[in-house]
Amino acid sequence: MDKETSNGADWETWQASFINETFANLRRLTAVPFLPDKMELVRKGITPREVVYEEDRLKVYRYIGESEPRFKTPLCLAFALVNRPYIMDLKEGRSIIAQYVKAGFDLYLIDWGTPTRAERFLTADDYVNGYMLNVVRYLRERTGSDKVNLLGYCMGGTLSTMFTAIHQDLVKNLVLLATGIDYSTREPLLNLWTDPRYFDVDKFVDTVGNVPAEFLQAAFLLLKPVSNLVEKYVNLAENVHRDEFVDDYLHMETWLNDNIPVPGEVYREWAKYLFQQNLLVKNRMPLGRHIVDLRKITCPLLNLMASNDHLVPCSQTEPLNDLVSSTDKEKIVWPAGHIGLAVSSKAQKELWPRAVEWLVKRTD
Amino acid sequence: MTDNTGKIFDQVAAFQKLWMDSFTEMAGVWSQYSAGSPPVDEMRRMRGGMLKVLAETWDEYMRTPQFLEMMKASLNGALDLKRMAREGMNRVHDQFENPTKQDVDDVLLAIRHVERRVLERLEGLDERVANLNERIDDVDAGMAKHGKAIDRLEQTIKAKAEKPAATPRKATGA
């Protein structure tokens, strides 16, 4: 008798489950035709801004808040050379830029622009001691402040670290997000793939010139093939009827597919000096006429890293705090991935108010 | 059996083992299937488990020397092909006396070298100007210091010169 009741309950559960799933699928199907319309609503950045400085392909945007900035010292954001920087201002409620602007910072973002064949011989020195230095000089002149606050994300963080080590007198505070410093770890696949036994970077750059965006895109996809090629689309199919999910998905996908080529010589230096020889932590990284010595960094440092970052794991970021001479230094390990560190709703609600507060306390 | 054949055999065996283990683990996920739970939820759980195993296997596979060697060989092959195609095109362009990609790159590189040399000279000049400015500032500071000293001396002399005139002379009684 008990077995019969149990079977009856099982059957009811099965039946209810199938009926619910059928209706859910109908809801999903009816949402599909609206995807292109939703795609058109995707914007690349939400905070109002104006171009204040241009040099070659580079543009510097100033973000305009509702009120005048509270702080005299400007905050300058530098992003990686491989993607567009609007990930830092992705959408409403997912914007690092909006958080800093709201807190009263006079915020500027460096958009490196898309390199053409004419830029294939640009080196990291051109970016750090050329473009970045010019931007910082311009900001000093514009704001009347002696120093600037620097915030770098990913490769932009490494560039900002190099800049601070060479021009410490110009930097008041340094904030880094998921920044690669110590490349000795073999944990991320990229570090393994660029091993000199398997990757001839000279042959590669000499042949292709600027590293094509498609190549970088394919490499990033391959880092997590199951997640990027299967799970992502399965999740979309299951949640296509949920507006919030689709909006987040489309914003992220737009950004992820918006890769730009990397100047060939920068790529060569990055692969050779960092991925293969790990010169930055050895204080032997050449940058034009300079050698980057991390011990020359003395300003306050906030190092943010993500515990599930498959691109720049904590083991690659963490050593910086021991390599600089700063006495005021802090690190925060956040449970997120490489991008989630910047845009996840939890990070936006809990991590970024802390990071903003850290800078507020140290800025005039 | 030659060493080469043995090596290939080992590679195939390692590849086979990795994926056989993976399929076994994927099949093992199904042993956790609970018929009492709603089937849709269970299917999702099974799918999640299988994809997790698959992701781990891929990650492991992409770290193997076999995969890395294969990646190296395919990338080198693609680069060689691109080079050959470019060299062929260069010959065609040469025949028609058109500039090739290599020519454009050479011009860009030459401009780059000139730019670098000019920048270095400018930086050198910048340093010299900074040094000169510093020395001019020192001279200015010295002159200002001397100027102040002269002013002080002048004031002292004037004060001394004015002092006797200001003091009333005592009557001698003559």
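Per-chain numbering applies: the sequence of each chain, read as written, is numbered from 1 onward. All chains are assigned letters beginning at A, and all ligands numbers beginning at 1, according to the order in which they are written. Given that the model is predicted, a residue must reach a pLDDT of at least 70 before its local features are reported, and side-chain atom pairs must reach 80 or more before they are shown or counted; all residues, however, enter totals for whole chains, interfaces and linings. Here the side-chain values reflect all heavy atoms present in the structure, with hydrogen atoms and water set aside.

Regarding the sheet that holds strand E3 (residues 75–78) of chain A
All names here are of chain A.
Then step 1. In this analysis, strands are considered paired if DSSP registers two or more bridges between them. Every helix listed is a DSSP run of H or I at least four residues long, and every strand listed is a run of E at least two residues long, numbered separately from the N terminus. Taking strand neighbours across the sheet as the criterion, the eight strands line up as E1-E2-E4-E3-E5-E6-E9-E10 in an open arrangement whose pairing is mixed. Either end of the sheet is taken by a strand with one partner, and the two such strands are strand E1 (49–55) and strand E10 (329–334). Within the sheet, the average angular offset between the axes of one strand and its neighbour, ignoring direction, is 20°.
Then step 2. Pairing of strand E9 (residues 301–306) with E10 involves six bridges; the strand directions are parallel. Residue leucine 302 lies in a different strand from E10, and its bridge partner there is glutamate 330.
Then step 3. Here, two residues are considered to be in contact whenever any of their heavy atoms come within 4.5 Å of each other. Note on geometry: axes are lines fitted to C-alpha atoms, helical ones only across the stretch in contact, with angles between N-to-C directions running from 0 to 180 degrees. Relative to the sheet, helix H4 (residues 124–143) contacts E1, strand E2 (58–63), E3, strand E4 (107–111) and strand E5 (148–153), its axis offset from that of E1 by approximately 125°.

Examining the pattern of salt bridges
Then step 1. In the sections that follow, a salt bridge refers to a side-chain nitrogen of Lys or Arg positioned within 4 Å of a carboxyl oxygen of Asp or Glu. Within this structure, the stated rule accounts for 40 salt bridges over all chains.
Then step 2. Salt-bridge contacts for A:Asp206 lead to A:Arg268; the nearest nitrogen and oxygen are separated by 2.9 Å. With A:Asp206 in helix H7 (residues 201–208) and A:Arg268 in helix H11 (residues 264–276), this pair connects stretches of sequence that are 62 residues apart.
Then step 3. Across the pair B:Glu123 and A:Arg289 runs a salt bridge, and its minimum N-O distance is 2.6 Å.

Comments concerning the interface of chain A and chain B
Buried accessible area, meaning the area lost when the parts come together, often serves as the stated size of an interface.
Then step 1. At the junction of the two partners, chain A supplies 39 residues and chain B supplies 38 residues.
Then step 2. Buried area: the sum, over both parts, of the accessible surface (1.4 Å probe) that disappears when the two are put together. A buried area of about 3,400 Å², summed over both sides, lies between chain A and chain B, and 60% of it is on carbon and sulfur atoms.
Then step 3. Ranking the residues of chain A by area buried against chain B places A:Phe121, A:Tyr198 and A:Thr207 at the top, with a combined share of 21%.
Then step 4. In this structure, the connection of chain A to chain B is made through ten salt bridges.

Re the pairing of E4(A)
Residues and elements named next belong to chain A.
Then step 1. Of all five residues that make up E4, five are buried, and the element is covered over most of its length.
Then step 2. Burial status follows relative accessibility: with a 1.4 Å probe on protein chains alone, a residue under 20% of its type maximum counts as buried, one over 50% as exposed, and anything between as partly exposed. Going residue by residue along E4, you find Leu107, Leu109 and Asp111 tucked away on one face and Tyr108 and Ile110 tucked away on the opposite face as well.
Then step 3. Taken together, the four bridges between E2 and E4 define a ladder with antiparallel strand orientation. Following the sheet pairing, lysine 59 is matched in E4 by aspartate 111.
Then step 4. Pairing of E3 with E4 involves four bridges; the strand directions are parallel.

Digging into the domain arrangement of chain B
Then step 1. Here the bounds of each domain stem from an automatic or database domain assignment. Assigned domains within chain B: domain 1 (3–101) and domain 2 (109–162).
Then step 2. The straight-line distance from the C-alpha centre of domain 1 of chain B to that of domain 2 of chain B is 67 Å.

Digging into the packing of helix H8 (residues 213–223) of chain A against helix H9 (residues 225–239) of chain A
Residues and elements named next belong to chain A.
Then step 1. Contact geometry of H8 with H9 gives a least axis separation of 4 Å together with a crossing angle of 85°. As the angle between them shows, H8 and H9 are arranged roughly perpendicular. Across the interface between the two elements, Phe220, Leu221, Leu222 and Leu223 from H8 touch Pro225, Asn228 and Leu229 from H9. Roughly parallel refers to an angle under 35 degrees, roughly antiparallel to one over 145, roughly perpendicular to one between 65 and 115, and oblique to any angle outside these ranges.

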